[in-house]
Amino acid sequence: GAVVSQHPSWVICKSGTSVKIECRSLDFQATTMFWYRQFPKQSLMLMATSNEGSKATYEQGVEKDKFLINHASLTLSTLTVTSAHPEDSSFYICSASSPGRIGQPQHFGDGTRLSIL
Amino acid sequence: KQEVTQIPAALSVPEGENLVLNCSFTDSAIYNLQWFRQDPGKGLTSLLLIQSSQREQTSGRLNASLDKSSGRSTLYIAASQPGDSATYLCAARRGSNYKLTFGKGTLLTVNP
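Residues numbered from 1 in each chain as written. Chains lettered and ligands numbered in written order. Predicted model: local features only at pLDDT ≥ 70, side-chain atom pairs only at ≥ 80, totals over all residues. Heavy atoms only, no water.

## Regarding the overall build of chain A
Phase 1 of the analysis: In terms of regular secondary structure, chain A is built from 0 helices and 11 strands.
Phase 2 of the analysis: Along chain A, helices (α) and strands (β) appear in the sequence β-β-β-β-β-β-β-β-β-β-β when read from the amino end.
Phase 3 of the analysis: At 13 Å, chain A has a C-alpha radius of gyration in line with the 13 Å of a compact globule built from 117 residues.
Phase 4 of the analysis: For the C-alpha atoms alone, the extent of chain A along its principal axes is close to 40 × 25 × 20 Å.
Phase 5 of the analysis: Classification of the 117 residues of chain A by burial places 48% in the buried group. (Helix = DSSP H or I, 4+ residues; strand = E, 2+ residues; numbered from the N terminus. Rg over C-alpha atoms; globule rule 2.2 N^0.38 Å. Buried < 20%, exposed > 50% of the residue type's maximum accessible area, 1.4 Å probe, protein only.)

## What about the interface of chain B and chain A?
Phase 1 of the analysis: Of the residues lining the interface, 21 residues belong to chain B; the matching set on chain A comes to 25 residues.
Phase 2 of the analysis: Carbon and sulfur atoms make up 56% of the surface buried where chain B meets chain A, a total of about 1800 Å² over both sides.
Phase 3 of the analysis: Taken together, chain B and chain A are joined by 1 salt bridge.
Phase 4 of the analysis: Linking Glu-59 of chain A and Lys-99 of chain B is a salt bridge whose minimum nitrogen-to-oxygen distance equals 3.1 Å. (Contact = heavy atoms within 4.5 Å. Buried area = accessible area lost by both parts, 1.4 Å probe. Salt bridge = Lys/Arg side-chain N within 4 Å of Asp/Glu carboxyl O.)

## Concerning unusual backbone geometry
Residues apart from glycine generally show negative phi values, whereas peptide bonds are mostly found in trans.
Phase 1 of the analysis: Of note, the amide linkage connecting His-7 of chain A to Pro-8 of chain A takes the cis form, showing an omega dihedral of 0 degrees.
Phase 2 of the analysis: Along the chain, the position of Pro-8 of chain A falls in the loop between strand 1 (4-7) and strand 2 (10-13).
Phase 3 of the analysis: Across the junction of Ile-7 of chain B and Pro-8 of chain B, the peptide omega takes the value -5 degrees, indicating a cis bond.
Phase 4 of the analysis: Even without being glycine, Ser-83 of chain A reaches a positive phi, approximately 45 degrees.
Phase 5 of the analysis: Looking at where Ser-83 of chain A falls in the secondary structure, it is placed in the loop between strand 8 (76-81) and strand 9 (90-97).
Phase 6 of the analysis: Look at Ser-83 of chain A and you get partly exposed, because its relative accessible area is 34%.
Phase 7 of the analysis: Positioned with a positive phi, Ala-79 of chain B is a non-glycine residue whose angle comes to about 45 degrees.
Phase 8 of the analysis: Within the fold, Ala-79 of chain B resides in the loop between strand 8 (72-77) and strand 9 (86-94).

So, in structure tokens, the structure goes:
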């Protein structure tokens with residue numbers, strides 16, 4: 001099955017630091033990647049949709065200048081949390097898809113636990 | 001706007017029991033519905049995918065059903081095992097885009 005790799009799995013950093021999270025599709029070309037955020041005991045909330053070679057589409061209420069998304073290749077998308085603050089602490093998960101996989105299960109990375117001190 | 005609800009929020013059963021997890025969605029115009037498993041601090045593992053034209057899907061001890069008209073899906077787990085303990089999430093996908101709307105999940109504990 002499809003494999004989506006996410007790195008790092010855990011980040012602890014000081015307030016004001018910018019943190020970059022990588023999402024890679026290992027065995028197919030992902031034209032579209034999704035970034036989700038999950039708070040404890042809550043569901044996954046879609047933050048943005050990342051399309052290769054174009055600007056990301058952000059969901060309502062998500063600050064695009066705060067959460068920078070780059071999808072420069074068909075196998076890699078990055079999420080940068082700029083000037084992170086404690087309220088940005090959360091679990092971030094990515095998923096990847098492509099037109100050829102439209103009827104197939106969407107596969108997710110293992111997530112990144114971000115803790116801002 | 002699609003809303004997905006999962007009941008119960010938590011469920012504790014003894015090993016060997018058969019159980020049903022429920023998922024309901026407000027907009028029946030879905031493309032497909034997917035069930036996931038999430039272990040603590042981990043990502044999502046896809047369990048079953050039901051296309052909008054299908055009524056059910058089976059994989060091993062798992063069986064998922066879909067009733068679009070009533071906006072419901074169920075995940076049936078047979079002969080539960082302690083290793084089945086996890087949070088189970090359902091997600092509905094609308095249209096040909098890839099966006100998934102998730103429920104909050106059901107935390108399942110299977111006691112030995």
